[in-house]
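So the chains spell out like this:
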Amino acid sequence: MAINVRSVKDMWIEYAHGINGGPAIRTLENQHGTAWRGGARSAQSRKFQRQRAVYDAIEKGIELGKSAEDCCHELEQLRI
């Protein structure tokens, strides 16, 4: 997971598509479960758990017919 991810949109891009040539976090989760995070107490795992609510909210919005961009914008407004 990238350290420089600051916005909701960046979080989503990293999760859904990957950034900086890295794999998508969603792909890592699907292929490796929690093993890729390095253990329950690792910084990677803690960061993922904090951001998981954002990923889940965007996925739910997409299921309800919204675009990922609209979901990101709405969540960013809430974050600010």
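Model, not experiment: these values are computed from the prediction. (Residues numbered from 1 in each chain as written. Predicted model: local features only at pLDDT ≥ 70, side-chain atom pairs only at ≥ 80, totals over all residues. Heavy atoms only, no water.)

1. Some words on the pattern of salt bridges
Part 1 of the reasoning: Within this structure, the stated rule accounts for five salt bridges.
Part 2 of the reasoning: Put simply, Glu29 and Arg37 hold a salt bridge, and the shortest N to O gap is 2.9 Å.
Part 3 of the reasoning: Of the residues examined, Glu29 reaches a relative accessible area of 17% and is grouped as buried.
Part 4 of the reasoning: Using a relative accessible area of 6% as the deciding quantity, one classes Arg37 as buried.
Part 5 of the reasoning: Between Glu76 and Arg79 there is a salt bridge, and its shortest N-O distance comes to 2.4 Å. Taken together, the residues Glu76 and Arg79, both in helix H4 (residues 68–79) and three residues apart, mark about one turn of the helix. (Salt bridge = Lys/Arg side-chain N within 4 Å of Asp/Glu carboxyl O. Buried < 20%, exposed > 50% of the residue type's maximum accessible area, 1.4 Å probe, protein only. Helix = DSSP H or I, 4+ residues; strand = E, 2+ residues; numbered from the N terminus.)

2. Focus on H4
Part 1 of the reasoning: Between its first and last C-alpha atoms H4 spans 16 Å; for 12 residues at 1.5 Å apiece the expected length is 16 Å, and the two agree.
Part 2 of the reasoning: For H4, the secondary structure elements touched by its buried residues are helix H1 (8–16) and helix H3 (43–63). (Expected span 1.5 Å × (residues − 1). Contact = heavy atoms within 4.5 Å.)

3. A closer look at the UniProt feature "domain: Transcription activator GCR1-like" (unreviewed entry) in the protein chain
Part 1 of the reasoning: Residues annotated by UniProt as "domain: Transcription activator GCR1-like" (unreviewed entry) correspond here to residues 1–79.
Part 2 of the reasoning: A distance of 20 Å separates the end C-alpha atoms of residues 1–79, which is 63% helix and 0% strand. (UniProt positions renumbered as here; feature names shortened; annotations may be inferred.)

4. What to know about the environment of Gly61
Part 1 of the reasoning: Mapped onto the fold, Gly61 is located in helix H3.
Part 2 of the reasoning: Each C-alpha atom, one on Gly61 and one on Cys72, is 9.5 Å from the other, the two residues being 11 residues apart in sequence.
Part 3 of the reasoning: If we skip the residues at most four places from it in the chain, Gly61 touches Lys66 and Cys71.

5. A few points about the packing of aromatic side chains
Part 1 of the reasoning: For the coordinates displayed, the defined rule picks out four aromatic pairs.
Part 2 of the reasoning: With a centroid separation of 5.5 Å and an interplanar angle of 40 degrees, the aromatic rings of Trp12 and Tyr15 are classed as tilted. Here Trp12 pairs with Tyr15, and both are found in helix H1, just three residues apart, close to one helical turn. In this structure, Trp12 and Tyr15 share a single accessibility class: buried.
Part 3 of the reasoning: Here the aromatic rings of Trp36 and Phe48 are separated by 6.1 Å at their centres, their planes lie at 90 degrees, and the arrangement is edge-to-face. Taken together, the residues span a long stretch of sequence, with Trp36 in the loop between helix H2 (25–32) and H3 and Phe48 in helix H3 at a distance of 12 residues. When sorted by exposure, Trp36 lands in the same class as Phe48, which is buried.
Part 4 of the reasoning: Following the ring pairs from residue to residue traces out a cluster consisting of Trp12, Tyr15, Trp36, Phe48 and Tyr55. (Phe/Tyr/Trp six-rings, centres within 6.5 Å; stacked < 30°, edge-to-face > 60°.)

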